[in-house]
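Chain and residue survey
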Amino acid sequence: MPRQSGGTVRKVGRALARVLAVAVLSVAAWLAGLVWFAESIPREFHDDNVQTDAIIVLTGGPLRLKAGLTMLAEGRAKKLFVSGVYRTVDVTDLLRVARQTPNPVECCIVLGHAADNTAGNAAETRDWMRREGYTSLRLVTANYHLKRSLLEFRRAMPEATIVAHPVFPENYKREDWWRWPGTLSLTATEFQKYLTALARPWLGESDLALEAEP
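The structure contained in this document is the topic of the report that follows. Think of each chain on its own: its residues are numbered from 1, step by step along the sequence as written. Local features are withheld for residues below a pLDDT of 70 in this predicted model, meaning they are given only at 70 or higher, and side-chain atom pairs are given and counted only at 80 or more; totals for whole chains, interfaces and linings count all residues. For the side-chain quantities, the full set of heavy atoms in the structure was used; hydrogens and water were omitted.

1. What about the sheet that holds strand β5 (residues 161-167)?
Two strands pair if DSSP finds at least two bridges between them. Here a helix means four or more residues in a row that DSSP labels H or I, a strand means two or more in a row labelled E, and each is numbered from the N terminus. Spatially, the five strands line up as an open sheet ordered β3-β2-β1-β4-β5, and their pairing is parallel. Two strands bound the open sheet, and with one partner strand each, they are β3 (109-112) and β5. Looking at each pair of strands side by side, their axes are set apart by 20° on average, direction ignored. The pairing of strand β4 (residues 136-142) with β5 spans seven bridges and is parallel. By the bridge assignment for β5, S136 is matched with T161. Geometry is summarised by axes, namely lines fitted to C-alpha atoms with helices restricted to the contacting stretch, and by angles between N-to-C directions that run from 0 to 180 degrees.

And the structure:
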């Protein structure tokens with residue numbers, strides 16, 4: 001009996017050791033992925049002045065809208081589509097947020113109210129692009145959000161030409177990102193959302209099944 005008891009203890013010990021090893025390797029892989037993700041976030045952007053059918057702005061900060069409005073005023077696209085707008089917000093409110101007064105480009109701004117997450121932004125934009133007969137777009141969003149946005153948009157519109165256009169919020173400290181608690185937290189959260197987006201086709205979740213993002 002003592003020998004059997006000792007054997008059981010050894011078996012339990014080996015099982016726990018395997019579980020611990022898997023846990024350590026999983027954490028190490030996640031941390032390595034986080035570093036890769038953070039280092040892939042754009043530091044700067046050199047505009048190539050490519051003309052597209054539409055400029056797509058994902059709501060989430062005035063820099064995005066200002067960039068979109070500037071390019072629309074320059075004639076870089078036929079229309080500006082703002083995805084993920086609260087239903088109580090209209091074009092005048094958006095122009096005010098962007099510190100611009102209403103001007104002739106106001107007629108070429110379209111608001112999308114259906115999306116409440118990035119996958120929803122992509123689906124909403126896809127449907128609008130198809131109605132307009134458009135095949136190319138410039139995607140404007142924050143630099144830390146760009147990789148996941150491109151994943152969702154390319155998945156929703158594999159046939160479309162997509163030009164990535166990051167903007168750079170001041171509160172996101174791209175350099176030495178691990179030293180800034182707010183930036184570190186945001187980067188880790190965005191990386192986890194990116195992993196979830198990657199896995200979603202294998203999880204059998206549709207766009208409508210996704211929870212709204214903060």
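2. Brief notes about the packing of helix α5 (residues 146-156) against helix α6 (residues 181-203)
Orientation of α5 relative to α6, taken along the N-to-C sense of each, is 20°, at an axis distance of 9 Å. Classed by the angle they form, the pair α5 and α6 counts as roughly parallel. The chirality of how α5 crosses α6 is left-handed. Contacts between α5 and α6 pair K147, R148, L151, E152 and R155 from the former with E190, K193, Y194, A197, L198, R200 and P201 from the latter. A breakdown of the residues in the contact of α5 with α6 according to their chemical character gives five nonpolar, no polar and seven charged. The labels follow the angle: roughly parallel below 35 degrees, roughly antiparallel above 145, roughly perpendicular from 65 to 115, and oblique for the rest. Should the near helix be turned anticlockwise from the far one by less than a right angle, the crossing is left-handed, and should it be turned clockwise, the crossing is right-handed. Two residues qualify as a contact provided that any one of their heavy atoms is within 4.5 Å of a heavy atom in the partner residue. In the scheme used here, Gly and all other residues not listed as nonpolar or charged are polar, with Ala, Val, Leu, Ile, Met, Phe, Trp, Tyr, Cys and Pro taken as nonpolar and Asp, Glu, Lys and Arg as charged.

3. Section: unusual backbone geometry
Even without glycine at this site, N49 takes up a positive phi of about 60°. With respect to the secondary-structure elements, N49 resides in the loop between α1 (2-40) and β1 (54-58). When accessible area is computed with a 1.4 Å probe and restricted to protein chains, residues below 20% of their type maximum are described as buried, those above 50% as exposed, and intermediate ones as partly exposed. Classification of N49 by relative accessible area gives exposed; the value is 53%. With phi around 55°, D176 is a residue other than glycine that occupies positive phi space. Following the sequence through the fold, D176 ends up in the loop between β5 and α6. The partly exposed category is assigned to D176, whose relative accessible area is 31%.

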